[in-house]
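Residues per chain are reported as follows:
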Amino acid sequence: MRNNIELIRTKKFGGSSRSITYHSIEQTGNMANARVKLESQYLIFHSLIVCVQDHGHWKIINNLPTIEVK
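Thresholds, definitions, all that
- Residues numbered from 1 in each chain as written.
- Predicted model: local features only at pLDDT ≥ 70, side-chain atom pairs only at ≥ 80, totals over all residues.
- Heavy atoms only, no water.
- Helix = DSSP H or I, 4+ residues; strand = E, 2+ residues; numbered from the N terminus.
- Buried < 20%, exposed > 50% of the residue type's maximum accessible area, 1.4 Å probe, protein only.
- Core = buried A, V, L, I, M, F, W, Y, C linked by side-chain atoms within 4.5 Å.
- Contact = heavy atoms within 4.5 Å.

(A) Seen up close, unusual backbone geometry. Positive phi values are uncommon outside glycine, yet His55 reaches one of about 50°. Here His55 is to be found in the loop between β3 (43-54) and β4 (57-69). Residue His55 is classed as exposed on the basis of its relative accessible area of 76%.

(B) A look at the nonpolar core. By size, the foremost hydrophobic cluster in this structure holds five residues: Ala32, Ala34, Val36, Ile49 and Cys51. Of all the secondary-structure elements, those providing two or more residues to this core are β2 (31-39) and β3. It is β2 that provides the largest number of residues to this core, a total of three residues. Excluding its chain neighbours within four sequence positions, the residues that come into contact with Val36 are Ile20, Thr21, Tyr22, His23, Phe45, His46, Ser47 and Ile49.

This is how it looks when you write it as structure tokens:
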């Protein structure tokens with residue numbers, strides 16, 4: 001946790017432009033999972049994003065990232 005606070009303080013976490021690569025998207029009914037990689041000049045996020053469709057709109061209900069410092 002302390003390391004994450006330092007990354008925010010030094011602006012290496014948050015506010016940086018990132019590219020996104022979609023590795024997979026799986027949908028079952030009104031649930032979907034996406035495995036993505038978001039990369040900035042400072043960090044790489046490998047995330048599992050869990051979504052639910054509610055009244056025709058997709059909503060993110062969970063984002064489980066692992067974070068690498070470059």
